[in-house]
Amino acid sequence: MQRVDISHVAEHVGEEVELRGWVYNKRSSGSLIFLIVRDGTGFIQAVAAKGEIPDEDFEACDGLTQESSLVVRGTIKADKRAPGGYEVAVTGVRPLHIAEEYPISLKKHGTDFLMDWRHLWLRTPRQAAILRIRHEIIGAIRDFLDEQEFILVDAPILTPSACEGTTTLFSTDYFDSTAYLSQSGQLYMEAAAMALGKVYCFGPTFRAEKSKTRRHLTEFWMVEPEMAWVDLDGNLKLQEDMVSYVIQRVLEERKSELATVERDTGRLRNIKPPFPRISYDEAVEILNKNGVEFEWGNDFGGGDETVLAEQFDSPVFVHRYPTAIKAFYMKPDPQRPEVCLSADLLAPEGYGEIIGGGQRIDDPELLRLRIREHDLPEEAYAWYMDLRKFGSVPHSGFGLGIERAVAWICGLDHIRETIPFPRLLNRIYP
Ligand code: 4AD
Ligand code: MG
């Protein structure tokens, strides 16, 4: 008998097939048992009728508990009333393992409770849908960059130095010295861009963030393109094209998952390049006009970003932040060195910064000065300085936080549901 995945039952209407999966839910009305079976690819109702299958199979069916694993045989029927449009008329059931009492019932639970059972929570339709959308987002980013002839270059995770400031570094013993978990692959991508032109890395990054917010993880995934011979404008163009492509692809390919997470897709549909661009100066004016007390020279908090983003329908770039509040490698604007050629992309609907990036310092003297001003150990950055000694060119890049993008695209309240096993200030289990 042919074994099929639930996602493919439509191709087998009228045939007797074998499904393998788990019991998501069960109810019975005397002579009928209704099972909702899930197999990872989908959910389907299977109906077992007493007298129509061997008694021993009917009894086995009766003994199934939530999340027991089983093999079901049956005939696929198209049925408009069935969720998903198909149903299985059971011809035989073989339990594989009868599950113990399952901690997650189908009624509502608090998020902290569910996070303790994250390894099981992933089995529910909503969590599975989020992971599928995450997969689509990652696939779309890879396809987009590969199509534009970027080369994937892997950055190291154990590093000798900081990229994004020393206050959020995780350190670990490295034999007789200390290593830091990478905050960003950027510095290595700058080296790779000088070797290969257009490159990107895609990997986990780590920040010892002491703040408990809806937007911060201590371990998150970032895609970081870097391009030689590209300035700030070229950098923003790539970002808006990439983000628009990703949104349109998810809307196209993941309709049912978006419905499962109850995403109102109205505002996503209109996302097309170009995105509006405002300077940091203009952003400060917008905040003040909207009654937010904000002084030039400070960094935006989550609330400020939300006010700014609310002025626009699509994501918005804020460019030319004060040089003093950005990372050491940011190139100052030659017209006005107190601001730098940086830009953040703020997502609509209160999701805040999803991309940070900019043009890098290409002048060796200035870079050396900045490393000193930022109190960074020069020896650890000697290799990075070399990139300015041997054929320095203008270059730019950015980092998109995958989980921030997933939260926005799925319309989630909190970043913790965007990653299979979130790492937060107060959570490293399971
Ligand atoms: O703005 P960030 O710190 O920029 C960099 O790391 C640059 N070196 C990237 C580059 O130019 N190659 O981080 C980039 C993005 C943010 O916009 C945000 O989406 C995400 O990474 N991010 C976080 N996501 C979840 N939790 C955190 N703690 C995050 N910190 C940054
Ligand atoms: Mg940033």
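Residues numbered from 1 in each chain as written. Chains lettered and ligands numbered in written order. Predicted model: local features only at pLDDT ≥ 70, side-chain atom pairs only at ≥ 80, totals over all residues. Heavy atoms only, no water.

**Points about the side chain of Glu190**
So, step 1. Within the secondary structure, Glu190 sits in helix H5 (residues 186-196).
So, step 2. Residue classification places Glu190 among the buried residues on the basis of a relative accessible area of 0%.
So, step 3. A distance of 2.6 Å separates a polar atom in the side chain of Glu190 from a polar atom in the side chain of Tyr384.
So, step 4. Once residues lying within four places of it in the same chain are set aside, the contact partners of Glu190 are Glu226, Arg360, Tyr384, Leu387, Arg388 and His395. (Helix = DSSP H or I, 4+ residues; strand = E, 2+ residues; numbered from the N terminus. Buried < 20%, exposed > 50% of the residue type's maximum accessible area, 1.4 Å probe, protein only. Polar contact = N/O pair within 3.5 Å; in protein donor to acceptor, adjacent residues only side chain to side chain. Contact = heavy atoms within 4.5 Å.)

**A look at the sheet that holds strand E8 (residues 171-174)**
So, step 1. Overall, antiparallel pairing links the 3 strands, which are arranged E7-E9-E8 in an open sheet. On the outer flanks of this sheet lie strand E7 (158-159) and E8, each paired with one strand and no other.
So, step 2. Note that E8 and strand E9 (residues 177-181) share 4 bridges and pair antiparallel. Pairing of Tyr174 across the sheet is with Ser177, part of E9. (Pairing = 2+ DSSP bridges.)

**Comments concerning a nonpolar patch on the surface**
So, step 1. Where nonpolar side chains cluster on the molecular surface, the patch consists of Leu158, Tyr174 and Phe175 and spans about 360 Å² of accessible area.
So, step 2. Here Leu158 shows up in strand E7.
So, step 3. The exposure class of Leu158 is partly exposed, given its relative accessible area of 44%. (Patch = residues over 30% accessible without salt bridge, like charges linked within 9 Å, V, L, I, M, F, W, Y side chains within 5 Å. Areas by Shrake-Rupley, 256 points an atom, 1.4 Å probe, with all protein chains shown as cover. Salt bridge = Lys/Arg side-chain N within 4 Å of Asp/Glu carboxyl O.)

**Digging into the domain arrangement of the protein**
So, step 1. Each assigned domain of the protein is listed here: domain 1 (2-97) and domain 2 (118-418).
So, step 2. Between the C-alpha centres of domain 1 and domain 2 the distance comes to 46 Å. (Domains from an automatic or database assignment.)

**Observations concerning the site of ligand 1**
So, step 1. Not every one of the 25 residues close to ligand 1 is listed here, only the nearest: Glu164, Gln186, Glu224, Glu353 and Ile354.
So, step 2. Glu209 places a polar side-chain atom, nitrogen or oxygen, 3.1 Å from a nitrogen atom of ligand 1.
So, step 3. The fraction of the free accessible surface of ligand 1 (630 Å²) that becomes covered by protein chains is 94%.
So, step 4. With respect to the detected pockets, ligand 1 is housed in the largest pocket.
So, step 5. Sorting the residues of the shell around ligand 1 by element identifies strand E11 (219-228), strand E17 (352-359) and strand E18 (395-401) as the ones contributing at least two each.
So, step 6. Split by residue class, the shell around ligand 1 holds 9 nonpolar, 8 polar and 8 charged. (Near = heavy atom within 4 Å. 1 Å grid on protein atoms, 1.4 Å probe; cavity = no way out; pocket = protein on both sides within 12 Å on 5 of 7 lines; lining within 4 Å. Sits in = over half its atoms within 2 Å of the grid points. Nonpolar A, V, L, I, M, F, W, Y, C, P; charged D, E, K, R; others polar.)

**Overview of the sheet that holds strand E1 (residues 16-29)**
So, step 1. Judged by pairing direction, the barrel is mixed, and its 5 strands sit side by side in the order E1-E2-E3-E5-E4 before closing back on the first. Each strand axis lies, on average, 50° off the axis of its neighbour in the sheet, ignoring direction.
So, step 2. With 7 bridges connecting them, E1 and strand E2 (residues 32-38) associate as antiparallel partners. Bridging from a neighbouring strand, Lys26 pairs with Leu35 of E2.
So, step 3. Packing against the sheet, helix H1 (residues 55-62) makes contact with E1, E2, strand E3 (43-49), strand E4 (69-78) and strand E5 (86-97), and its axis sits at approximately 65° to E2. (Axes fitted to C-alpha atoms, helices over the stretch in contact; angles between N-to-C directions.)

**Overview of the nonpolar core**
One recurring pattern in soluble globular proteins: nonpolar side chains tend to sit buried together.
So, step 1. Among the nonpolar cores identified, the biggest contains 46 residues, and Ile141, Leu145, Val223, Met242, Leu400, Trp408 and Ile409 are the most heavily contacted of them.
So, step 2. Going through the elements one at a time, helix H4 (125-147), strand E10 (198-206), E11, helix H6 (232-253), strand E16 (342-347), E17, E18 and helix H13 (402-410) are the ones with two or more residues in this core.
So, step 3. Among residues more than four places away in sequence, those in contact with Ile409 are Ile133, Ile137, Val246, Ile247, Val250, Leu258, Arg263 and Leu268.
So, step 4. Ile44, Ala46, Ile53 and Val88 belong to the second largest nonpolar core, which has 22 residues in total. (Core = buried A, V, L, I, M, F, W, Y, C linked by side-chain atoms within 4.5 Å.)

**Description of the packing of aromatic side chains**
So, step 1. Evaluation of the coordinates by the stated rule reveals 15 aromatic pairs.
So, step 2. A ring pair is formed by Phe328 and Tyr329, whose centres lie 5.4 Å apart and whose planes are at 75°; its orientation type is edge-to-face.
So, step 3. Residue Phe328 is classed as buried on the basis of its relative accessible area of 3%.
So, step 4. Accessibility expressed as a relative area gives 4% for Tyr329, which makes it buried.
So, step 5. Arranged with centres 6.0 Å apart and planes meeting at 70°, the rings of Phe328 and Tyr384 form a pair that is edge-to-face. Placement of the pair is Phe328 in the loop between strand E13 (316-319) and strand E14 (332-333) and Tyr384 in helix H12 (residues 382-389), with a sequence separation of 56 residues. The same class applies to Phe328 as to Tyr384, namely buried.
So, step 6. A network of ring pairs unites the aromatic residues Tyr188, Phe328, Tyr329, Tyr381, Trp383 and Tyr384 as a single cluster.
So, step 7. Residue placement shows Arg27 over the ring face of Phe34; its charged tip is 4.3 Å from the ring centre.
So, step 8. Positioned above the aromatic ring of Tyr321, the side-chain terminus of Lys326 is 4.2 Å from the ring centre. (Phe/Tyr/Trp six-rings, centres within 6.5 Å; stacked < 30°, edge-to-face > 60°. Lys NZ or Arg CZ within 6 Å of the ring centre and 35° of its normal.)

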